[in-house]
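# Per-entry structural report
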Amino acid sequence: MKPNEEDGVEMSNDLMVANNREDGAEMDRYRYRDRYGDRYRDRYGDRYGDRYRYRDRYGDSVASPLSLGMQTSTMYRWLAALVTSGSLCLVGGCDSEEPLCGAWAPGDVVLGLLMPSHRTAQGRLERVRPEMLSCTEFDLVAFVRSLAAIHVIEEINAAGVLPGVRLGYVMCDTCADPTKALQNVVHMLATNNSLNVQCDLTHFRPPVKAILGARYSEVSIAVARLLSVYMVPQISETSSSPALSDKLRYPAFLRTIPSDIHQTKALAKLMTQFGWTWVGVVYGDDDYGKGAFQSFVRDAGEASVCLAFQETLPHDLTHKDSAHLIKRVAREVRSSTARVVLLILKSELVAYLFSEMIVTSTSRIWIASDSWSVSRLLANLDGIDKVGDIFGFAFISQETESFSHYLKNLRPSPRGYNRFIEKYKNLRFNCTPECFSDDPPFYCVEDNLLTVKSPDACAYKDPQEANDDFLVTSLDTHQPRGGVAVWAVANALKKLLNCNSTSCSGDTNFEPWRLLEELKKGDFQLDNNTYFFDKSGDFVTGYDLFMWEKAGDRRNFAKIGWYRVLDGKIVLDVEATEINWLSSVNKSIPTSRCSEPCMPGTVKKISNISCCYSCTPCLEGTFTDGLDLNDCKKCPEGTWSLKGWVHCKPRTEVYLRWSEPHPIALVAAAAFGMLLLQATLIIFLMYRNSQPMKKAEVRLSCVMMAGLALSFASVILFMDKPNIHLCRARQVMYAVGFTLCVSCILIKAFRTFLAFLPFGQLRCRRLRRLYKPPVNVTVVILLQGVICALWLIFDSPDVDLTPPSPQSMEKIIRCHEGITHIGFAVMHSYIALLALIGFLLAFKGRKVPQEFSETGYIIFSMLMYLFVWVCFIPIYIFKTKESSYVQASAILVSSYGIVFCHFLPKCYEALWGSNQDTLEVILRKWRIISSGGSSLGDAARFGEVLQPESTDTQKNKSHSHDLDSPVEPQMFVIPITTEAIDRRPQPLTPFIKMRNRLRSLSV
């Protein structure tokens, strides 16, 4: 309803007179009388008073005559306040049961405050006409938030921050509803009771120069759309939706907090900090909830945090399915294996959900979004201790004594009005005992607001004059941050109005977009902190991390750390193990995982969800040194690891070291063998004229000893770390030395073969020509030398560079005997061939009495050699780390076999054997066991071919020998005794066989 034209003309003249700057106070009085309708008080006061008397459910009604004990003065004060606040609506040209704006104060520059003091708007679902909305459910937390902004405005005015310029405000209740908020904004921007449509809004100068709010992101988004048309700066203190950072859509929106992009990063890092990778999320279906959830999903994925479930609740508390949906979410929380639940909800929805958890005694770890992270009403909820641990991030703030003093002494601003303070004081101090009865009157408030009632309410005559510390003790006074937004506007105004220490010379009736420019490009100092808006219009500050500690039946907020936006790190003031966990039986951190953690040495093998996996050990050459790693790390060069190892280390080089037991034993055996050879050589030389030494051929035996000495020496070259020179030398030394030894054994076997096997004269003559020991030994050695030379030239031994087995941490340093191993095989095959020939020749003469030949020793020594080296072949082929040790051992065994078979028996005979000639003893035995049948000449011939004699004897008898004799002149013959032989009859069978063989050899 519009005022009449005469009143308008009269008020216009009054305003022109009041424009005189020297009379600022009078100008303010006239300006705000005209704006807020003092002149309509008489016209509409009775009507509004009657209508409000019984209607208001939240405390204004206590001024009704129905209230027992009401004083007349209190009633008149209440009616006057209602009339004054009701006139606010009329300025906007509307006729509503409830005024649009419930608080105001005059000033040169007016700020609009969009603050919800009620939780919801009534009748939104039934609304079919564009009528005004009414607010219900008074909200103490939101009420205190609005008081914080008003308190800072009064402090700035009192401190003279803007000399000669006073800040005013108009505060409208949004009821947490976007539609209601838009109605308020239109009212604030209206000039002359209307919001004119203009083609160019550059010079648009509304009464309100900036708007602070709104609380919820959904409301701020709706308001920001409208304000972007007029470029009126909007500064929110709590709206954190990431969408509001889009300056293309919301160019006039600013906020004194970081975006939810940072909050969700902090939430994900908090979960990672405590190892919680399996979480559930419940969020509201408004813009704030949806935007924060989408941002969290992205950040959780980067932090390897998975969602066990995600549920949505309607943000509107009046939704018909709210109760059913809350129960469904509660069932999902109870049935899920996730022990951590993130709640991106309003505190009212959290209270309903917690009530369900308390009834079923469901304990979880709850992560709070900033909207309820330090909600005192939730902390005082009955049974709150049953829900478990609660963590939350809140915007960095601090408590001031001045604000606490302001809350303890609530008064409207000077020359201003605040209907919300009146409502709170009516709720707190009005005497309404009937509301506590079993059948309360209709004007009584709901049960949850009855807790606001002071126990001393009936002791006050005037509720509006009463005050106490209920708001300070019941609510967290750290929470409000309105001061930062107001100080940002004040500092921008100082630059825009050209203020100095005494005055401000700029025009206070400026275009709002000029103030927006100053806000965006400036920074300011407050409480030793520097604040500024970034390119997205956000403050880049941080969050405080709070944990809800148990305090009797209630909870206290304990700051345990903070999150720094600039470096993206969470800093804890206490160790995690020092936290008094309610969800854990001891001080250990509660776990929330889909799968058990993969220990170091294993990696995750993911199935479908990244947090649900099995653990597999790392392969050889890779490792992991932490929990739950996705990939194995590759070992640095020069190191290695086995399957499932947690670190890498250099491989152990394996070769025959001088300090190890096996090499020591091998060297000791080789040294002992060489000493044994030396002792044997001395014995052979000392007893070289004895009968056993003559039979053993001293010169041929010395050559054999030289070959064995080379073989023993080659064993020493198997020690220490191999190199190309050692690899070549040890094989060549062994090949030459053992070949020399075997060649001498072959000569001995060949001699026995020629002396005792029956051949025709022609064959004997041909074979006898082959028996040339020096030549034979030289040829055999030269042939082996050729083999070794070709081997060294074309396929030389070298250090084996074959990579070690992946399953082994040992790097075997050994020699490889050439790429093709042909030279190595030919060398050993050649020795084996010589040994085999010697074995066969000795085997042919195995029936010759041992006293006349060494066939038994030759057979045994050659068998030992062949057996040992046949056993060595598979070990060498498979290239085990013991191959060098086994080869050295084979050389020792073969060499010791020859020593024990060929030299030690002769030494024994020379040292402790009989002094009589061997042949005489044998012939004497034959006389005893034989009956005759053999001439003395036959016996003489038998001894003649076996026993060596002196060189002189050979010369004397060289002419008597036949040229075709099987034994050459160089061979030695034993002198035959002339003693008579017993010719008594004896069994002739053995002697006949021997005689036949001897006859076959005669000329």
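Below, the discussion takes up the state of the cysteines. Here the structure, examined in full by the defined rule, presents 10 disulfides. At a sulfur-sulfur separation of 2.1 Å, the disulfide partner of Cys-618 is Cys-632. Here the S-S torsion is close to -90°, and the disulfide linking Cys-618 with Cys-632 is therefore left-handed. One end of the pair, Cys-618, is in the loop between β21 (613-617) and β22 (622-623); the other, Cys-632, is in the loop between β22 and β23 (633-634), and 14 residues separate them in sequence. Taking the relative accessible area as the measure of exposure, Cys-632 reaches 27% and is therefore partly exposed. Two residues, Cys-727 and Cys-815, share a disulfide whose sulfurs are 1.8 Å apart. Across the S-S bond of Cys-727 and Cys-815 the torsion is about -75°, and the bridge reads as left-handed. With a gap of 88 residues between them, Cys-727 in helix α22 (residues 724-756) and Cys-815 in strand β27 (residues 815-816) connect regions that are remote in the sequence.

Read from one edge to the other, the open sheet built from 8 strands follows the order β10-β9-β11-β12-β13-β17-β18-β19, with strand pairing classed as mixed. Strands with a single pairing partner mark the edges of an open sheet, and in this sheet they are β10 (306-313) and β19 (569-572). Mean inter-strand twist for the sheet, computed between neighbouring axes without regard to direction, equals 25°. Along the sheet, helix α8 (residues 260-273) makes contact with β9 (278-284), β11 (340-344), β12 (364-368), β13 (388-395), β17 (542-551), β18 (554-564) and β19, crossing β19 at roughly 55°.

Helix length check: helix α7 (residues 217-230), at 14 residues, gives a terminal C-alpha distance of 20 Å against a target of 20 Å (1.5 Å per residue), a fit within 8%. Ala-224 marks the point of greatest bend in α7, at about 25°. Extensive coverage of α7 is indicated by the burial of 10 of its 14 residues. Every buried residue belonging to α7 is among Ser-217, Glu-218, Val-219, Ser-220, Ile-221, Val-223, Ala-224, Leu-227, Ser-228 and Tyr-230, and all of these are buried. Tucked into the core, α7 has its buried residues touching β2 (109-114), α6 (178-189), β6 (208-212), β7 (234-236), β8 (253-255) and α9 (287-302). Residue Met-231 follows α7 closely and has a positive phi angle near 55°.

Turning next to the pairing of strand β15 (residues 523-526). Residues Phe-524 and Leu-526 of β15 are buried on one face, while the alternating residues Asp-523 and Gln-525, pointing to the opposite face, are not. Both β15 and strand β16 (residues 529-532) contribute to a ladder of 4 bridges, which runs antiparallel. Across the sheet, residue Phe-524 finds its bridge partner in β16, namely Tyr-531. A loop of 2 residues connects β15 with β16, the two strands running antiparallel in sequence, and Asp-527 in this loop sits at a positive phi of about 55°.

Counting 68 residues, the largest nonpolar core has Phe-143, Leu-471 and Leu-493 as the members making the most contacts within it. Here this core takes 11 residues from helix α5 (residues 140-159), the largest share from any one element. Leu-700, Ile-747, Phe-824 and Met-862 belong to the second-largest nonpolar core, a separate cluster that totals 66 residues.

The rules behind the values
- Residues numbered from 1 in each chain as written.
- Predicted model: local features only at pLDDT ≥ 70, side-chain atom pairs only at ≥ 80, totals over all residues.
- Heavy atoms only, no water.
- Disulfide = S-S within 2.5 Å.
- Helix = DSSP H or I, 4+ residues; strand = E, 2+ residues; numbered from the N terminus.
- Buried < 20%, exposed > 50% of the residue type's maximum accessible area, 1.4 Å probe, protein only.
- Pairing = 2+ DSSP bridges.
- Axes fitted to C-alpha atoms, helices over the stretch in contact; angles between N-to-C directions.
- Contact = heavy atoms within 4.5 Å.
- Expected span 1.5 Å × (residues − 1).
- Bend = angle between axes of the 7 residues up to and from the residue.
- Core = buried A, V, L, I, M, F, W, Y, C linked by side-chain atoms within 4.5 Å.

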